[in-house]
Amino acid sequence: MAQEIKSLIHNPEEYHRKMQILYKSVTYDEHNVIKKVIGEAVSDTKCHTIRVLSVGSGNGTREDLSITLLSETFPEVFYTGVDPAEEELRQFNTFSVSKKAQKEWENVEFEFHNETIEDYIEKADKGEVAGKFHIIVALQSVYHFTDPVTTIKQLYDMLEDGGVLVNLMQSGDIGKLAMEIGKHYYDPKNWFIDAEWVEEKMRERIPDAKITTVIQPQTCKINACFDEQSSEGNDLLDFITQIPNFRKTIPKEIKDEIMESLNNKKRIDPNGDIFINWDAGYLLIRKEEKKLH
């Protein structure tokens, strides 16, 4: 039976600090994948103003390219960002102002909500905030939903006909590792799940939706994770497992099992560097347009 823990997300400052260490370790080319995903998401959207909801929008840097692509495609963009991290949203607002000052995103209107997506959905149900969107984007935020399957279905219901829900989640070996950790631990604020798990659940929950997956291959250099004296390696290991002070806080037998799994998934390049597959899965859930009879 899985034991409840408080995962890394309970300390937002440490979460974001250790996430930056991950970003330094991951190698990927996100540009072409984002272009493909956004292009597919809006391929059938013909409107003057496109409404976008970003779930867990953070400070906006990860959505820079997608916002730019949308602003170049549509005359007007109404962009709603929802995130419980107040400082991240403050930085996003500053970022959007600087973009407008540089004559970019001039046709994008921003609205920020410092709250959980569950709180936002409740307000939308009451008509207090915007409740219909052409695109809903959740980049690496599904793990933190109170009930991922229910919340994704609620977001799907907020789509306009023909709209698309874009979920970015871990896939491949790193996703499998998360599922393995989930056999031992659970946290209501951090689900140990991957893109494949979510896709299976959503095909069951929304059988009429058109669901496609775009995989972005990427790797993460993890040499330091096998050096117990490396503070950066320990921080990276904390983020990989989402368990604070991983080496010191969990029982030896579970720690050894997780480290053995990580070791079995590793790949060593000709230079002796150690990598793990860190694929990102973009799960696109499209709401079919209603046909008139």
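Before reading further, recall that the structure is shown in the block above.
My aim in this report is to walk through the structure given alongside it, one point at a time. Owing to the predicted nature of the structure, the values given are computational and were not obtained by experimental measurement.

### Looking at helix α9 (residues 231-241)
Residues spaced three or four apart along an α-helix point in a common direction, a consequence of the helix completing one turn every 3.6 residues.
1) Next: α9 sits mainly inside the fold: 8 of its 11 residues count as buried.
2) Next: Taken together, the buried positions of α9 are occupied by G233, D235, L236, L237, D238, F239, I240 and T241.
3) Next: As for α9, its buried residues are in contact with α1 (12-25), α7 (172-181), β10 (219-221), α10 (246-249) and α11 (252-265).
4) Next: Taken from the residues just after α9, Q242 is the one with a positive phi, measuring 65°.

### Topic: the sheet that holds strand β12 (residues 274-277)
1) Next: In space, the 4 strands of this open sheet follow the order β2-β10-β12-β11, with antiparallel pairing throughout. Bordering the open sheet on either side are β2 (26-27) and β11 (266-268), each of which pairs with just one other strand.
2) Next: In the sheet, β10 pairs with β12 via 3 bridges, with the strands oriented antiparallel. Within β12, the position partnered with K221 by the bridge is F275.

### Some remarks on the pairing of strand β3 (residues 49-55)
1) Next: Counted residue by residue, β3 has 5 buried out of 7 residues, so it is predominantly covered.
2) Next: Of the pairings in the sheet, the one linking β3 to strand β4 (residues 76-82) comprises 7 bridges and is parallel in character. Looking across to β4, one finds that V55 is bridged to V82.
3) Next: For the crossover that starts at β3, traverses helix α3 (residues 64-73) and ends in the parallel β4, the hand is right-handed.
4) Next: In this sheet, strand β6 (residues 133-139) lies alongside β3 in parallel orientation, the contact comprising 4 bridges. Residue V52 lies in a different strand from β6, and its bridge partner there is I135.

### Concerning the side chain of N190
1) Next: On the secondary structure map, N190 appears in the loop between β8 (185-186) and α8 (195-205).
2) Next: A polar side-chain atom of N190 sits 3.5 Å from a polar atom in the side chain of H144.
3) Next: The contacts of N190, once residues within four sequence positions are left out, are S7, I9, Y143, H144 and Q242.

### Comments concerning the sheet that holds β6
1) Next: Judged by pairing direction, the sheet is mixed, and its 7 strands sit side by side in the order β5-β4-β3-β6-β7-β13-β9 without closing on themselves. The open sheet has two edge strands, β5 (108-113) and β9 (210-216), and neither has a second partner. Across this sheet, the average inter-strand angle for adjacent strands is 15°, counted without regard to direction.
2) Next: Taken together, the 7 bridges between strand β7 (residues 159-170) and strand β13 (residues 280-286) define a ladder with antiparallel strand orientation. Bridge pairing in β13 places V166 opposite L284.

### Let's talk about the pairing of β5
1) Next: The pairing of β4 with β5 spans 6 bridges and is parallel. Within β5, the residue paired with V77 across the bridge is V108.
2) Next: Once the chain exits β4 it traverses helix α4 (residues 86-101) before rejoining the sheet at β5, and the crossover so formed is right-handed.

### Some remarks on the nonpolar core
1) Next: By size, the foremost hydrophobic cluster in this structure holds 32 residues, and its most contacted members are L53 and L155.
2) Next: The set of elements that each furnish at least two residues to this core consists of β3, α5 (117-125), β6, α6 (148-157), β7, α8 and β13.
3) Next: Setting aside its immediate chain neighbours within four residues, L53 contacts T80, V82, I117, Y120, F133, I135, I136, V137, L155 and M158.

### Details of the packing of α6 against α8
1) Next: Taken N-terminus to C-terminus, the directions of α6 and α8 make an angle of 60°; their axes are 10 Å apart at the nearest point. By the angle between their axes, α6 is oblique relative to α8. Here α6 runs over α8; the crossing is right-handed. Residue-level contacts link V149, T150, I152 and K153 of α6 to W197, V198, K201, M202 and R205 of α8.
2) Next: Of the residues that constitute the contact of α6 with α8, the class distribution is 5 nonpolar, 1 polar and 3 charged.

Criteria and thresholds
- Residues numbered from 1 in each chain as written.
- Predicted model: local features only at pLDDT ≥ 70, side-chain atom pairs only at ≥ 80, totals over all residues.
- Heavy atoms only, no water.
- Buried < 20%, exposed > 50% of the residue type's maximum accessible area, 1.4 Å probe, protein only.
- Helix = DSSP H or I, 4+ residues; strand = E, 2+ residues; numbered from the N terminus.
- Contact = heavy atoms within 4.5 Å.
- Pairing = 2+ DSSP bridges.
- Right-handed = clockwise from strand over helix to strand, strands pointing away.
- Polar contact = N/O pair within 3.5 Å; in protein donor to acceptor, adjacent residues only side chain to side chain.
- Axes fitted to C-alpha atoms, helices over the stretch in contact; angles between N-to-C directions.
- Core = buried A, V, L, I, M, F, W, Y, C linked by side-chain atoms within 4.5 Å.
- Parallel < 35°, antiparallel > 145°, perpendicular 65-115°, else oblique.
- Left-handed = near helix turned anticlockwise from the far one by under 90°.
- Nonpolar A, V, L, I, M, F, W, Y, C, P; charged D, E, K, R; others polar.

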